[in-house]
Each structure stands twice: as structure tokens, then as C-alpha cells.
Amino acid sequence: MLRVRFAPSPTGYLHIGSARTYIFNWFYARRHGGTVILRIDDTDLERNTPESLDSIFDGLRWLDLAWDELHRQSERLPLYRQMAEALLAKGAAYRDFTPAYDGAKERPYGDSAWLFDPMMRALPREESARRAAAGEPFVIRFRVPRDARESVQFRDAVFGESSKATADIEDFALLRSNGMPTYHLASCADDIDLRATHVIRGQDHLTNTFKHVLLFEAAGVPAPQFAHLPLLVAPDGAKLSKRRHGPVVSVTTYRDGGFLPHAFVNFLCLLGWSPKDDRERMSREELTEAFSFEGINRSNAVVNFTEQDPFDPKAVWLNAEHIRALPVEELAARLEPYLAAAGYGVERARLLAVTPLIRERIQTLRDAASAADFFFREELAPYDSAELVPQKGDAKLATAVLERALSLLARTDFNRQALEDALRAEAAAMGVKTGQMFQPIRVAVCGRKAAPPLFETLEVLGRETCLKRIGQAIRRLRS
RNA sequence: GGCGCUAUCGUCUAACGGUUAGGACGGAGCCCUCUCAAGGCUCAAAUACGGGUUCGAUUCCCGUUAGCGCUACCA
């Protein structure tokens, strides 16, 4: 039974790189009928926050790719201690009594040397046990077997064979002096205990994998299969980070920006992975069927956002593609919350009539509010009366056109075909171009020049509203 | 600094050693057209650099450069 795991740490919102890792895990598992494990890596007491955990769940739920199992490392602490003790007993690990320091800032043992005191590795067992018993704080470190073997190697499903000299692997910490496990220990202990068969994660863990391979070996279990994903990077090439790039890298930004969850998933899939044919818009089923490690690239992918626009143009395009492909009923249902958020109370019948008219004119669900406002508000948003005047025409012409339209629309059937026939005939009778006829009407009823096709719009708006707005426009032109 | 990984249009990518280096987004233009879109067509745009191997390198090898990652009692 194939089992994959996704292991976010609740130290910020879910960012799109993490989301992509989850997505790749999900598709790989579904492709092979496996299980998706969500594991919360919350062993860093200092940095975990409940808000962050909420936002991670929010983000993952929005993706609509369900996990099968949920575990929290903070609830599994005995497991890690047990493994650390076992390694200690075996001699595969040792106690380090060096006082704590911030390794990110200090390099107490020199620039090219290890960040640990080599003398501690050689501490006699009895002395180690005695000092521990005396209550002296210590960290448990893994004893990298530099004498027993030259190098560690493993095969990565994406990057291929990798090898690293044991001489270049430091004695990493397993258990902190406060009794909490480090990432390396907790991750491996869980991968063993939860029987993970595949570890699919970001390439930032590629070099950590040598340590993990060593840990699996010391524990006497076969290592899972590894697949490291190229990173998502910012336009400046740096790894996406919450700190440097802010909310533009948060999954919730896409949700609030009006992305369809699946369009977002589709976009992320195409970053660093390719189906090898020319498909871009793909359904969940197609992605599941097509996903494989062979299609994964080895170089980082840039998410093309800017400070002004947080969304990659390709993501926006793909979202528009998915919007256009959606059945009207479903799109209408997706649109509703965004219209409501913009303050429009929407009636279902009206929304179903409007949706096809704006479907090809919006790129995000959020765009609907501005693209269709005149369908939902009683009073038009303020507009410049000069807009009513058509190209190569004057206010007099506009007024004349609107007056003719007013009387015509009062007696024409309000269906698109009848409206089109009547208005075209009227334009011909008046000797004006269709554009000169239609544009003033469009602006009068929509309050702007760019809008859905006129006759459908009139039909959906209804006679009463149209006559009222045209009347208002005529008064504006006269004043 | 040490170690590891990577390198095709601006961006995402395709190309069992032999292609006019393909597609997509974005950009420019044209067509369609009641506006805006959508759609169709066209154009500009790339193999980082230097050495090998080979009849032939985007592709294989080495080096250089650049970028990224790891190098924490973060994950």
C-alpha cells in the first residue's frame, strides 16, 4: 500500500510552494491508489501558532484535495524520545553537553568546521551517563559513521543518484535539551511509524536526505523512496518566503482574488511538471492520470508576480480558461459569494441569466462584481455623460438616438432577437451606423462603454430598468 | 567558506545525439464584430560561456560563470 505524507509546520500561512508539494503528493497517491497523510510538524514550540495552523487547514481545504489521515507530532512525542533513546543505547547517538547557542548566528568552532564540539562525541559512556544523571542539560546528536563508511547514497526519483561523503555530514541533533525532537528525528520516526512509502518534498530537503538515510539505516528499516521537487522561486530567484514576499505567496490570496481552486491546482501543477504534451488546462482526472515523477523538472520555477499584481499572468489566464469551461449553474454558484462580498444581493434567476453574459469577460470570480455591477444595482455607478456620445457624433445625435430608443423599447418584445431586429431597423431608418445607435444605449443602461452584447443585456435587464436608465441618460444630456 | 543541486524565448515548458529548436502565457499586428471580451491568423523572442567526445551536440563528459539549497537545540 502506497502512502505519502505532507508535513507542514504551523509557523505561518500556507504558501503556494507548500501547496504545490501537497498537490504533487496528492496526485501521486491518487494515481496509484495510495493514502495521503497530513502530518503537522509542530515540534518547534517557539514558532508554532494556532492561527497559522488554522490558515494551513483553510488553505488545504480550499484546494479541495482531501487527505486521508491526520497526525500531529506534538501528540506523538514519546515515539521520538523512544527512538532517540534507542539510538543512544546502540551507540548510534551520543549526548552533547555543550551549552545552547544560536547556530544561525554564531560559529563557535570556526567557519569551515562543524557546529558542534568534536570532543563530546568521544565522551566516555560512563561520564556521559553520570553527567546526565546529575541533571546537566544535553542534546542528543547522531553519531555519523565516518569511519565505517565513506559515503551515503540514495536514488531520488527526480534528481537521480545522489551521493555525499560522510566526512561532509555533521553530527546533527536529534533531541533538544528541552526534550523535543528536531525535524530530522521526528520526521524519520514518523515516516517509519506511519509507514510512509514515498517522501515527496521540496528540494530544500535534498541534502538533508543523506542524514535521513543514515537515520533509517541506524533504525534498521529500509528508507522510503524519495522524490524532491524543484522549488518555487520569486522573480528575483529567491526561494518563496513569507517574510520576504508577504501575502502574495499565500494560498488564501489566490482564494480571495477569485481563483477557482482547481484552476489554482492546475497552475501549480504546471510549475515544475509537464504532461509532456501540449495540454495546459487539465481536469483533476486528467492530472491524476498524467502525473508521474518523470514529468518533473530539476530546475526551480519562477512564479511571476510583482508588487502591483500578485498573480502570475499564466495563472490568471488558466483561471479564465477554467471559468469558461464551467457549466453555467456551477459558475453561477461560484460567483455568488464574490458578488455578495462586493455588496450585491443576488437573486438566483438573475444570476443564472447574467452568468453567460460575463463568462467570457472575467478572468477571476472576483471580476464579476465589476463586470456585472449594473445588473445588480438599482442606480448606475456614476459615469461621465460624455461617454454617451458615440464616435463621430455629438450630444445632439446621442439624444436623438436615445429618444428613438426610448419609444421603440417601450413597445418592442423584450427578447434579444426582437430587440436586435428593431434596433437595427431603427438605425437604418435614422441613417446612422449601428455603432452610433448602440453605443449611447449601451452606456445609458450599463454606465460604461465596455459591456456584454447589447441585446442580451437589455433582455436580462428588462424593459422597466432599460427605459428608466435611458430616460435618465436623456436628461443628463440635456442638462 | 564547505558540501550539494541546477542552467532552452521575459515567464512556464517540449524536443530516445540528427527538428526551419515546438507549444503556452505575456507583448505587437491583422481578421471577426454593436463596445469589451472570446475566437482565428501572423510577427518578435531562447539552447549561459569555453573546451572536449562524435560524421553530427539543446541533448553525453570536463571546466568556468551564475543562481538556488543545505551547512541551527527552524522545518
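Residues numbered from 1 in each chain as written. Chains lettered and ligands numbered in written order. Predicted model: local features only at pLDDT ≥ 70, side-chain atom pairs only at ≥ 80, totals over all residues. Heavy atoms only, no water.

Asks: Looking at this model, I keep getting lost on the overall build of chain A. Mind explaining?
Replies: Check the secondary structure of chain A and you find 21 helices and 12 strands. Here the C-alpha atoms of chain A give a radius of gyration of 32 Å, more than 25% beyond the 23 Å that 2.2 N^0.38 yields for 479 residues. In terms of overall dimensions, chain A has a C-alpha envelope of 105 × 40 × 35 Å along the principal axes. Taken over 479 residues, chain A has a buried fraction of 52%. Considering only contacts in chain A between residues 6 or more positions apart, those separated by 24 or more positions represent 75%. Approximately 22,100 Å² of chain A is accessible, and the part contributed by carbon and sulfur atoms is 49%. Charge-centre separation for chain A: the mean point of 64 positive side chains lies 2 Å from the mean point of 65 negative side chains. (Helix = DSSP H or I, 4+ residues; strand = E, 2+ residues; numbered from the N terminus. Rg over C-alpha atoms; globule rule 2.2 N^0.38 Å. Buried < 20%, exposed > 50% of the residue type's maximum accessible area, 1.4 Å probe, protein only. Contact = heavy atoms within 4.5 Å. Areas by Shrake-Rupley, 256 points an atom, 1.4 Å probe, with all protein chains shown as cover. Lys, Arg positive; Asp, Glu negative; His and termini not counted. Charge placed at Lys NZ, Arg CZ, Asp CG, Glu CD.)

Asks: Could you clarify how one ought to interpret helix α20 (residues 454-461) in this entry?
Replies: At 3.6 residues per turn, the α-helix brings residues three or four places apart onto the same side. The element α20 is extensively covered by neighbouring structure, given that 7 of its 8 residues are classed as buried. Turning to α20, the residues buried within the fold contact α14 (348-358), α16 (373-376), α18 (416-430), α19 (434-446) and α21 (463-478). Just downstream of α20 lies G462, where phi reads positive at about 90°.

Asks: Even after reading the chapter, I still don't get the environment of H245, so can you show me in this structure?
Replies: Here H245 is to be found in helix α8 (residues 242-245). By relative accessible area, H245 is classed as buried at 13%. Sequence spacing of H245 and A234 is 11 residues, and the spatial spacing of their C-alpha atoms is 8.0 Å. Beyond its immediate sequence surroundings of up to four residues, H245 is in contact with A234, D236, A238, K239, L240 and F305.

Asks: Whenever I open this one, the packing of helix α6 (residues 183-193) against helix α7 (residues 208-219) confuses me. Can you help?
Replies: The angle between the axes and the distance between the axes are what describe a pair of packed helices. Packing of α6 against α7 leaves a shortest axis separation of 10 Å and a crossing angle of 55°. What the angle tells us is that α6 and α7 run oblique. The way α6 lies across α7 gives a crossing that is right-handed. For the pair formed by α6 and α7, the contact residues are Y183, H184, L185, C188, D191 and I192 on the first element and N208, K211, H212, L215, F216 and A219 on the second. (Axes fitted to C-alpha atoms, helices over the stretch in contact; angles between N-to-C directions. Parallel < 35°, antiparallel > 145°, perpendicular 65-115°, else oblique. Left-handed = near helix turned anticlockwise from the far one by under 90°.)

Asks: How should the sheet that holds strand β8 (residues 173-175) be read in this particular structure?
Replies: Think of a sheet as strands paired side by side through backbone hydrogen bonds, with each pair either parallel or antiparallel. Pairing in this open sheet of 3 strands is antiparallel, and the strands run β4-β5-β8 from one edge to the other. If you trace the sheet from one side to the other, it starts and ends with β4 (93-96) and β8, each paired once. Averaged over all neighbouring strand pairs, the angle between strand axes comes to 45°, with direction disregarded. Relative to β8, strand β5 (residues 139-142) is paired through 2 bridges, and the arrangement is antiparallel. Residue pairing for β8: I140 is matched across the bridge by L175. (Pairing = 2+ DSSP bridges.)

Asks: How should the domain arrangement of chain A be read in this particular structure?
Replies: A common way to state how big an interface is: give the accessible area lost once the parts meet. Looking at the assigned domains, one finds that chain A contains domain 1 (3-75 + 232-313), domain 2 (77-229), domain 3 (326-376) and domain 4 (385-478). Placing the centre of domain 1 and that of domain 4 at their C-alpha centroids yields a distance of 49 Å. (Domains from an automatic or database assignment.)

Asks: Is there a simple way to think about the pairing of strand β9 (residues 198-202) in this case?
Replies: Two faces, one strand: in a regular strand the side chains alternate between the faces of the sheet. With 5 of 5 residues buried, β9 lies mostly within the body of the structure. Crossover handedness for the path β9 to α7 to strand β10 (residues 225-229): right-handed. (Right-handed = clockwise from strand over helix to strand, strands pointing away.)

Asks: Would you mind going over α6 with me for this structure?
Replies: Of all 11 residues that make up α6, 8 are buried, and the element is covered over most of its length. Among all positions of α6, only H184, L185, A186, S187, C188, A189, D190 and D191 are buried. Close packing links the buried residues of α6 with β1 (3-6), β2 (35-40), α3 (77-90), β8, β9 and α7. Downstream of α6 by one or two residues, R195 has phi in the positive range, about 55°.

Asks: Whenever I open this one, the pairing of strand β3 (residues 69-72) confuses me. Can you help?
Replies: Examined bridge by bridge, β2 and β3 share 4 bridges and lie parallel to one another. In the strand pairing of β3, I40 is matched with R72. Handedness of the crossover joining β2 and β3 through helix α2 (residues 50-63): right-handed.

Asks: Where do I start with the pattern of salt bridges in this structure?
Replies: Side-chain pairs of opposite charge can arise where the charged atoms are in close proximity. Under the defined criterion, the tally for this structure stands at 36 salt bridges. Put simply, R284 and D64 hold a salt bridge, and the shortest N to O gap is 3.3 Å. With a gap of 220 residues between them, R284 in helix α11 (residues 284-290) and D64 in the loop between α2 and β3 connect regions that are remote in the sequence. Judged by its relative accessible area of 26%, R284 falls in the partly exposed class. Judged by relative accessible area, which is 48%, D64 ranks as partly exposed. Where D204 meets K239, a salt bridge forms, and the shortest distance between an N and an O atom there is 3.0 Å. Placement of the pair is D204 in the loop between β9 and α7 and K239 in the loop between β11 (232-233) and α8, with a sequence separation of 35 residues. Salt bridges sharing partners connect three or more residues here, namely R5, R39, D41, R76, D190, D191 and D193. (Salt bridge = Lys/Arg side-chain N within 4 Å of Asp/Glu carboxyl O.)

Asks: It is not clear to me how the nonpolar core should be interpreted in this structure. Could you clarify?
Replies: Soluble globular proteins: nonpolar side chains tend toward being buried together. The biggest cluster of nonpolar side chains holds 86 residues, and the ones touching the most others in it are I23, L63, F142, L174 and F264. Sort the elements by how many residues they give to this core and helix α1 (residues 16-31) lands first, with 9 residues. Taken together, domain 1 (3-75 + 232-313) and domain 2 (77-229) each give at least three residues to this core, which thus spans both. Dropping the residues within four chain positions of it, F142 is found in contact with A92, A93, Y94, D171, F172, L174, L214, L215 and A218. Listed in part, the 58 residues of the second largest apolar core include L339, A372, I441 and V445. (Core = buried A, V, L, I, M, F, W, Y, C linked by side-chain atoms within 4.5 Å.)

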